[in-house]
Amino acid sequence: MSIPNHILEQLNSQADLISIIGRHTTLKRAGNEYKGCCPFHGEKSPSFYVNPQKNIYHCFGCGVGGNAISFLRDYESLTFIEAVNELSKQTGIEVPKEAQQNVSYQRTKQPTVRPTPQAPTAPPSEGSTPAGQNQDNSASSYSDAFVYDEGHYDNYPPLDVYDSVPYSSEDYGSDYQSSSDSGDGYPPSWLTDTDAITDLHNLNPAADEDGNLYELLEQIQQFYQHNLATHPHAKHYFLSRGITEDIFETFGLGYAPFGWQHLEHQFPQDIEGLKALGLVRQSESGRDYDLLRDRVIFPIRDNQGRTIGFGGRALDNEVKPKYINSSDSPVFHKQHVLYGYYESRQQRADSWLVVEGYMDVIALYQAGIYGAVASMGTAINESQISRLLTLNPTLTLSFDGDSAGQKAAWRTLEVALPVLADDKELRFLTLPNNHDPDTFIKSQGGDAMREQIANAMPLSQYIFAYLSERYDLTLAEGKAKLMSQVRSLTTALPKGSSFRYLLNNDIYQKLGGKRSQNVEAKDALLDFDGDMTISQQLQLCFLFQPRTLIDDPIEIIWQRAGINGLHLPPHIQQKASPDVLRPIAWEDLQDRALLDIVSTIKRCLNYLPKDANAAAHFILSNLKPLTQETLSRGWGGFYKTLTARNVLSLDELVENLVMQLLKLHLQKKMQELIKNPDHIKLAIVRKQSQLLNDWLRAQQAEQSAQMVTVQS
């Protein structure tokens, strides 16, 4: 028995190599790679690199290198079969018990001679051809553009060969032997040069004349892409969705034309390969037909950038199903692929966002927000979440706000818990007004989307918000059921998790433990659904509690963070302007609506009614018309939400919102000073930002310590 090469490639590609090696040595980021002391030999100065994009490792001290299988063999002393089975368990990729279909297929030696196509009869399972729809011959007119060479694919050797072949440095090509550490903390060129790595398992140079599924898929992708350029109505679909033509090339977007057999006409020698890929199917009457017809095409790529499948979207919203993915094949397994992962890694994405659709991924990418990925119509699985959390310890999930979207978010939460160590964080983003990322970016822009991502809801808040809608918390029985489900959830967290206790304790306090009004106020915002920026939230808080402005919140934070006592070196102090250390004023934030409400409240403080709602309407009547109109729309719902929870104080919430505005202001100011250099001002603003961040971390640490000691 032999294991197909594509199975081994998938195992090595999908394995969590950072975690596997991290069990034996400490790895830290070094650019886009990870670096640590080599586990194979004793060393004080790290020279061992792991590249998570290619999923390979190499030590420049002792020369050892390889992939996931070789590490398990060489370091953990597993046999080849044991290593394969271990990776199969970790990734969920099934290893065939017996030899199965490989990525090669038998090509028809002579092109199939077909009669001139007539008006097609639809396969019984597909229904009749729409009225007026004729067989499309555009594919055949393009046939001369492709000359499909005989594919080559090596037969894979039996398992016992692997147990006798050492993994020496020679298996990696000459680049491994000639490389040396550059000394600058970053790995040399072999880690960023894909052509430098020789396939570790390509041990049998003998080649046959069968076709290769990867090569066929690449030519099909080019065929679809060409069709997009020659079918204006399909191209118009993408342009009408705001997609620019340079993105067509980046994602290889295409179009599958009308016609039941356009792929067979285009690739007459590759019918067996088309069927193996599931792109050509057979009806109940025995007639072959193409799966994707009159649909825009989204090529699906693996981690190496190879096309392995296709998604097709109907041009007419009335056509069902709206989306069709090509079926699983020897090279495509839906549960192991994330759409957009390859493109994001090419842009060196450092933060990751799971979304629901292809268009969401593309819209975010076009807006310069890299790291968005989508699953292939199936729920994202544990190994995929683990890999994304390895690349960045914070992972954001963005699902639609409807019932189906929130159920999908909850299922993902349950899947993620076993890999959610204390240093990992899951956040949830539900965009306002039933937006998805694609429509939100078109409506609000990329910067607004970045703000939404930055303010995504932490896991602990999402759990309570989700469950509190499903149980009657006015009854003890409802509280007991909610608490029972929380305890059940937290048992899935990793062994020794501190988050397990903290989450249980936090939910318990929400259900009846002693809580401050500030915590209640934060929870109340979870129930308030509005398309609000940080500034708009703060404006509503000031409407609810105008007396917060008696002592200016900005000045208080400036003092508590120690920024007002900032001491400058003499040479900077001499060159700095006299007012450089003054606290930030509301005018500096350059927010007209916020400045309007702050200045109005300060003018009216001595005349406000005692009733909060009456005071708010008094303030609203004195605002400028535009500010008044915007705040009036949200005030009623905001006031109702707070009063329903009996919230009386917003002190801590106001402080938190003001701090967020100050951080954003200082970041923007630094960017401006970098573009228009003023080294004195830049040094001062950087120091102010550092003091603010240090104080904020100290506040968070103090709150965490208080939570830990609640039940002690």
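Thresholds, definitions, all that
Each chain carries its own residue numbering, running from 1 in the written order of its sequence. Only residues with pLDDT of at least 70 get local features here, since the model is predicted, and only at 80 or more are side-chain atom pairs given and counted; chain-wide, interface and lining totals rely on the full set of residues. For side-chain calculations, the full set of non-hydrogen atoms in the structure is used, while hydrogens and water are omitted. Scored from 0 to 100, pLDDT records how confident the predictor is in each individual residue. The contact criterion used throughout is that any non-hydrogen atoms of two residues lie within 4.5 Å. At least two DSSP bridges between two strands are required for those strands to pair. Runs of E in the DSSP output that reach at least two residues are strands. Runs of H or I that reach at least four are helices, and both are numbered from the N terminus. To sort residues, take the accessible area from a 1.4 Å probe on protein chains only and compare it with the maximum for the residue type: under 20% means buried, over 50% means exposed, and anything in between is partly exposed. Handedness of a crossover is defined as follows: orient the strands so they point away from the viewer, and if the path from the first strand over the helix to the second runs clockwise, the crossover is right-handed. Between N or O atoms, a polar contact is any pair within 3.5 Å; within protein, one atom must be a potential hydrogen donor and the other a potential acceptor, and residues adjacent in sequence are included only when both atoms are from side chains. Within this document, salt bridges are pairs made up of a side-chain nitrogen of Lys or Arg and a carboxyl oxygen of Asp or Glu, the two lying within 4 Å of each other.

Caption draft 1: Expanded view of the confidence of the model for the chain. Looking at the chain as a whole, its pLDDT mean stands at 78, while 78% of the residues score no less than 70. This model gives residues 115-208 a pLDDT under 50, and the stretch forms 189 contacts once residues within four places in sequence are excluded. Low pLDDT (under 50) marks residues 706-712, which in the prediction has 11 contacts with non-local residues, meaning those over four places away or in another chain.

Caption draft 2: Summary view of the sheet that holds strand 3 (residues 48-51). The strand order across the open sheet formed by five strands is 1-2-3-4-5, and the pairing between neighbours is antiparallel. Taken across any chain shown, the strands that pair with only one partner, and hence form the sheet edges, are strand 1 (28-30) and strand 5 (65-66). The sheet contact formed by strand 4 (residues 56-59) and strand 5 spans two bridges and is antiparallel. If you follow H58 over to strand 5, its bridge partner there is G65.

Caption draft 3: Quick look at the pairing of strand 17 (residues 394-398). Within strand 17, four of the five residues are buried, which leaves it mostly tucked inside the rest of the structure. Bridge analysis of strand 17 against strand 18 (residues 425-429) gives five bridges, and the strand direction is parallel. Residue pairing across strands places T394 opposite E425, the latter belonging to strand 18. Crossover connection from strand 17 via helix 16 (residues 403-416) to parallel strand 18: handedness right-handed.

Caption draft 4: Geometry of the side chain of S468. The topology assignment puts S468 in helix 19 (residues 459-468). In terms of polar contacts, S468 uses its side chain to reach the backbone carbonyl oxygen of F464, at 2.8 Å.

Caption draft 5: Up close: the pairing of strand 18. Counting buried positions over the five residues of strand 18 gives four, a clear majority of the element. When strand 18 meets strand 19 (residues 457-458), the two strands line up antiparallel, connected through two bridges. By the bridge assignment, R427 is partnered in strand 19 with P458.

Caption draft 6: Region of the structure containing the pattern of salt bridges. What the rule picks out here adds up to 16 salt bridges. With a shortest N-O distance of 2.8 Å, R107 and D270 are connected by a salt bridge. With a gap of 163 residues between them, R107 in the loop between strand 6 (104-105) and helix 5 (138-141) and D270 in the loop between helix 11 (262-266) and helix 12 (271-276) connect regions that are remote in the sequence. Of the residues examined, R107 reaches a relative accessible area of 3% and is grouped as buried. By relative accessible area, which is 2% here, D270 ends up buried. For K235, the salt bridge identified is with E245, shortest N-O distance 3.3 Å. Residue K235 is found in helix 9 (residues 232-240), and its partner E245 is found in helix 10 (residues 245-251); the two are separated by 10 residues along the sequence. The class for K235 is partly exposed, based on a relative accessible area of 23%. What emerges from the salt-bridge pattern is a single network uniting E9, D302 and R306.

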